Amino acid sequence: MTAARPVAKAETESPPPAFDAASTRTDLAFRCRGLAIDVGVESRRIVAGLDLEVPRRQFLCILGESGVGKTTLLRVFGGLAPAAPGSTLELKGRPIVGPPDGAVFVFQNYAASLLPWRSARRNVELGLEASLAGPERKARAMAALELVKLADRADDYPWQLSGGMQQRVQLARALAVKPELLLMDEPFGALDAMTREILQVELRRIQRESGATIIFITHDVDEAVFLADRLVVLKGKPASIGLDLLSDLPVGRDQVRTKESPEYLKLRHLVYDAVRRSGD
Ligand SMILES: Nc1ncnc2c1ncn2[C@@H]1O[C@H](COP(=O)(O)OP(=O)(O)O)[C@@H](O)[C@H]1O
Ligand SMILES: [Mg+2]
């Protein structure tokens with residue numbers, strides 16, 4: 001990571017407000033209490049005492065250094081891996097014991113996640129086959145492709161699409177099931193810088209239009225600060241929450257103007273410092 005020095009002003013101003021879970025408790029998408037995670041044959045504890053409440057429609061970015069446990073944490077959130085005994089995990093008030101219906105993953109590796117013998121639309125229909133009949137399923141898939149601006153490429157196969165487009169198809173597939181919670185693990189990590197910046201803007205628009213709650217994992221401070229309504233930085237070994245901040249950036253964001261604003265630079269400074277100190 002390269003850390004450009006933020007403006008000096010950032011050091012003197014008061015930080016943005018800390019996140020106040022109590023004010024939003026009535027409308028929670030996701031909640032965990034006392035979460036601990038053990039990995040490997042020796043049950044090494046990589047996460048301990050992690051408490052998190054995510055209100056519906058929030059765009060939460062979780063940051064942490066490589067190896068801190070981000071991917072494992074997200075898998076546990078989505079019921080793909082077990083939490084240690086004594087941990088509480090809930091999706092919309094229902095305990096998470098296995099993969100819950102309302103949570104969908106979007107991974108970094110779009111190429112491996114799309115079926116090459118299916119068109120974009122038929123890939124998007126994948127998660128709907130058990131629940132919707134043909135015409136309805138097709139309409140839902142087309143609406144999701146519309147949302148990611150790929151309706152005109154619905155009949156193309158993955159190999160006919162660019163990396164950015166393939167990642168949009170994966171996103172459309174996730175959105176098509178109208179999930180309570182989108183769990184995204186560095187989903188833009190394999191894309192070139194320009195495509196990535198375009199998709200960041202698109203993802204914020206899509207989140208507003210779809211009303212989805214997003215937990216987005218990344219090690220990229222700029223990506224997190226640009227995307228998030230709220231920023232959480234993991235800290236320590238085992239990891240728990242070191243910093244939890246609400247973003248004070250405007251809802252509509254622009255890759256040039258937003259990143260030049262004092263609010264952006266201040267937030268970036270705070271988050272960089274927290275990530276840098278996270279191993280302490
Ligand atoms: N199934 C597993 N068995 C053993 N170790 C694991 C397993 N899953 C993750 N780990 C270890 O847990 C730590 C966190 O991994 P990971 O969640 O991939 O981190 P991050 O995504 O933050 O880079 C690493 O030290 C990794 O080696
Ligand atoms: Mg990871």
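For the structure itself, consult the block above.
Anyway, here's the lowdown on the structure attached to this text. Since the structure is predicted, the reported quantities are computational estimates derived from the model, not experimental observations. (Residues numbered from 1 in each chain as written. Chains lettered and ligands numbered in written order. Predicted model: local features only at pLDDT ≥ 70, side-chain atom pairs only at ≥ 80, totals over all residues. Heavy atoms only, no water.)

Here we come to the pairing of strand β4 (residues 88–91). Each regular strand carries side chains that alternate between the two faces of the sheet. In this structure, strand β1 (residues 28–39) lies alongside β4, joined through four bridges in antiparallel fashion. Looking across to β4, one finds that Arg 33 is bridged to Thr 88. Across two bridges, β4 lies against strand β5 (residues 94–95) in antiparallel orientation. The partner of Glu 90 across the bridge, within β5, is Pro 95. (Pairing = 2+ DSSP bridges. Helix = DSSP H or I, 4+ residues; strand = E, 2+ residues; numbered from the N terminus.)

It is worth spelling out the nonpolar core at this point. Ranked by internal contacts, the top residues of the largest apolar core, which has 53 residues, are Leu 171, Leu 182, Leu 203, Phe 216, Leu 231 and Val 271. With seven residues, the single largest contributor to this core is helix α10 (residues 262–276). If you count residues domain by domain, this core takes at least three from each of domain 1 (16–102 + 181–276) and domain 2 (114–178). Ignoring anything within four residues of it in the chain, the contact list for Leu 231 reads Cys 61, Leu 63, Ala 224, Val 225, Leu 243, Asp 244, Leu 245, Leu 267 and Val 271. Membership of the second largest hydrophobic core comes to 29 residues, among which are Val 47, Leu 91, Ile 215 and Val 232. (Core = buried A, V, L, I, M, F, W, Y, C linked by side-chain atoms within 4.5 Å. Buried < 20%, exposed > 50% of the residue type's maximum accessible area, 1.4 Å probe, protein only. Domains from an automatic or database assignment. Contact = heavy atoms within 4.5 Å.)

Further remarks concern the site of ligand 1. All residues in the neighbourhood of ligand 1 are listed as Val 39, Gly 40, Arg 44, Ile 46, Glu 65, Ser 66, Gly 67, Val 68, Gly 69, Lys 70, Thr 71 and Thr 72. Here Val 68 contributes a backbone N or O atom positioned 3.3 Å from an oxygen atom of ligand 1. One of the side-chain N or O atoms of Thr 71 is found 2.9 Å from an oxygen atom in ligand 1. Protein burial of ligand 1: of its 560 Å² of free accessible surface, 57% is covered by the chains. Considering every element that reaches the shell around ligand 1, the biggest residue donor is helix α2 (residues 70–77), with three residues. In the shell around ligand 1, the residues fall into three nonpolar, six polar and three charged. (Near = heavy atom within 4 Å. Polar contact = N/O pair within 3.5 Å; in protein donor to acceptor, adjacent residues only side chain to side chain. Areas by Shrake-Rupley, 256 points an atom, 1.4 Å probe, with all protein chains shown as cover. Nonpolar A, V, L, I, M, F, W, Y, C, P; charged D, E, K, R; others polar.)

What follows covers the sheet that holds strand β7 (residues 181–185). Pairing within the open sheet is mixed, and its six strands lie in the order β6-β7-β8-β3-β9-β10. Of all strands in the sheet, those with a lone pairing partner are β6 (103–106) and β10 (240–246), marking the two edges. Adjacent strand axes in the sheet meet at a mean angle of 20°, parallel and antiparallel pairs treated alike. With five bridges connecting them, strand β3 (residues 59–63) and strand β8 (residues 213–218) associate as parallel partners. The residue bridging Phe 59 from the neighbouring strand is Ile 214, located in β8. Where helix α6 (residues 163–176) meets the sheet, it contacts β6 and β7, and its direction lies at approximately 175° from that of β6. (Axes fitted to C-alpha atoms, helices over the stretch in contact; angles between N-to-C directions.)

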